[in-house]
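Chain residues, written in single-letter form:
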Amino acid sequence: MSCLKPSLFYLLHNSRLVKAERLIWALHYQYGRPQDATLSYSQILIAFNALSPKTLTALRESHGPLDEEPLAHLCLEHGLLTPEHFVVYQTLQAGFARIYPGEILQRQLGVQARQIEALLHAPLLTLPLTPAGEILGRRQALNQFRLRLTQGGYLNQEALSALGLNSLGTLPVSARPLADLLVLNGDLPDHLLRLLLDQQASVKDPLLALLNCQGYDSETLMHALEQRMKAEDQGKDLAWLLAEKGLISRRRLTQLILDAYRSMVPAERPVA
């Protein structure tokens, strides 16, 4: 059963609507406020002019219900919460929306204050600086990739296993479009793509190859994209740019990617 909604935290990061350091600062500001004077994460961003109400409304309309409080899903992705406990958190948070999420996590679900503090000082939207940190970051990125695919309702565990994605140390380039899909829909921060993938820069972007197979002319798409690119678009993920620039809708691109990978999963044999 799906329980993960698109993350406002990741959507704002992947779109570059709010700078990464500002997104992290808002988490620290929320954590440091008195517990009886809690502001929601989006309220903090709006109050300090990092986010406009109009932009927030547009994201809600385009992506549907969002996960607008980053702390709990970050705890889930870093192993401080189980998926089962995350579902309990969602129920509690809906009933106590004015309480700081960290209070619910500590008082009801056993997450410790020192764990939250360590999480807030982890490289949440930046790449690790050391080789050891990169190894740990890659492991966390792969776990997050699998978690978001299954708990986000894209693929089930059987499909993940059939595609050979359950026990890899890095993500093969052929599976890159699935990571693009998660970036597109606010399930993965795009900076993690470098940690996830084998370094095979010479390989043609597999998303373009996938679109070619679906009847799109990748050269025409890329030419149209180049005409619409701006300086601030540098570094954004290809799937995100195609949707943002109106070349393929987010919904259509999602469906094309999922159809391609679901078609690779062997159909279940009927019981004799």
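The coordinates are above.
Criteria and cut-off values
- Throughout, residues of each chain are indexed from 1 in the direction in which the sequence is written.
- Residue-level local features of this predicted model are given only where pLDDT is at least 70; pairs of side-chain atoms are given and counted only at 80 or more, and the full residue set underlies all totals for whole chains, interfaces and linings.
- Computation of side-chain values: all heavy atoms of the structure, hydrogens and water removed.
- Note on conventions: DSSP H or I runs of at least 4 residues are helices, E runs of at least 2 residues are strands, and numbering of each starts at the N terminus.
- Radius of gyration means the value over C-alpha atoms here, while the globule rule gives 2.2 Å times the residue count to the 0.38 power.
- A 1.4 Å probe rolled over the protein chains alone gives each residue an accessible area, and that area as a share of the maximum for its type sets the label: buried under 20%, exposed over 50%, partly exposed in between.
- Here, residues are in contact when the closest pair of their heavy atoms is within 4.5 Å.
- Values of accessible area rely on a 1.4 Å probe in the Shrake-Rupley scheme; residue burial ignores everything except the protein chains shown.
- The arc in question is the one spanned by the directions pointing from the helix axis to the C-beta atoms.
- The pairing test for Phe, Tyr and Trp rings, Trp by its six-membered ring, is centres within 6.5 Å, and the orientation test on the planes gives stacked under 30 degrees, edge-to-face over 60, and tilted for anything in between.
- Distance and angle both matter: a charge sits over a ring if NZ of Lys or CZ of Arg is within 6 Å of the ring centre and within 35 degrees of the ring normal.
- Only buried Ala, Val, Leu, Ile, Met, Phe, Trp, Tyr and Cys residues count toward a nonpolar core, and they belong to the same one when joined by side-chain atoms within 4.5 Å.
- Here, axes are lines fitted to C-alpha atoms. For helices the fit covers the stretch in contact, and angles between N-to-C directions go from 0 to 180 degrees.
- Roughly parallel covers angles under 35 degrees, roughly antiparallel covers those over 145, roughly perpendicular covers 65 to 115, and oblique covers all other angles.
- Any residue that is not Ala, Val, Leu, Ile, Met, Phe, Trp, Tyr, Cys, Pro, Asp, Glu, Lys or Arg is counted as polar, Gly included; the first ten are nonpolar and the last four charged.

1. With respect to the overall build of the chain
A tally of helices and strands in the chain yields 16 helices and zero strands. Its C-alpha radius of gyration of 19 Å places the chain within 12% of the 19 Å reference for a compact globule of 272 residues. The buried share of the chain, taken over its 272 residues, is 47%. Across the chain, the fraction of contacts at a sequence separation of at least 24, relative to all contacts at a separation of at least 6, is 69%. Put simply, the chain shows about 14,000 Å² of open surface, and 53% of that area lies on carbon and sulfur atoms.

2. Points about helix H4 (residues 53–63)
When we look at burial in H4, the residues that qualify are Leu-56, Leu-59 and His-63. Buried residues along H4 cover an arc of 60° about the axis, so they all sit on one side. Opposite the buried face of H4, at more than 90 degrees from it, the exposed residues are Lys-54 and Glu-61. Among the structural elements, helix H1 (8–15), helix H3 (41–47), helix H11 (176–184) and helix H16 (250–262) are those in contact with the buried residues of H4. Looking one or two residues past H4, Gly-64 carries a phi angle of roughly 80°, positive in sign.

3. Considering the packing of aromatic side chains
Summed over the entire model, instances satisfying the criterion amount to seven aromatic pairs. Taken together, the ring pairs in this structure connect Phe-9, Tyr-10 and Tyr-41 into an aromatic cluster. Here the guanidinium or amino end of Arg-22 rests over the ring plane of Trp-25, the centre of that ring lying 4.5 Å away.

4. Quick look at the environment of Asn-156
Mapped onto the elements of the fold, Asn-156 is located in the loop between helix H9 (131–151) and helix H10 (157–162). With relative accessibility at 43%, the residue Asn-156 sits in the partly exposed group. Note: C-alpha distance between Asn-156 and Pro-128 (28 residues apart in sequence) is 30 Å.

5. Comments concerning the nonpolar core
Phe-145, Leu-171, Leu-178, Leu-196, Leu-211, Leu-242 and Leu-253 are the most contacted members of the largest nonpolar core, which has 42 residues in total. Looking at this core, the elements with two or more residues in it are H9, H10, H11, helix H12 (193–196), helix H13 (206–213), helix H14 (218–228), helix H15 (238–244) and H16. In this view, Leu-253 contacts Leu-184, Leu-207, Leu-211, Ala-239, Leu-242 and Ile-248; residues no more than four positions away in its chain are not counted. Judged by nonpolar contacts, the second largest core, of 41 residues, contains Ala-20, Ala-50, Tyr-100 and Trp-240.

6. Some points on the packing of H11 against H13
Two elements in contact, H11 and H13, have axes whose closest approach is 8 Å; the angle formed by their N-to-C orientations is 95°. In terms of their interaxial angle, H11 and H13 are classed as roughly perpendicular. Counted together, Arg-176, Pro-177 and Asp-180 of H11 and Pro-206, Leu-207 and Leu-210 of H13 form the full contact between these two elements. Classifying every residue of the contact of H11 with H13 gives four nonpolar, no polar and two charged.

7. Brief notes about unusual backbone geometry
The residue Arg-16 is not glycine, and still its phi comes out positive at about 65°. Looking at the element boundaries, Arg-16 is found in the loop between H1 and helix H2 (20–32). Its identity as a non-glycine residue notwithstanding, Asn-49 has a phi of 60°, on the positive side. Along the chain, Asn-49 falls in the loop between H3 and H4.

Keep in mind these values describe shape, not function.
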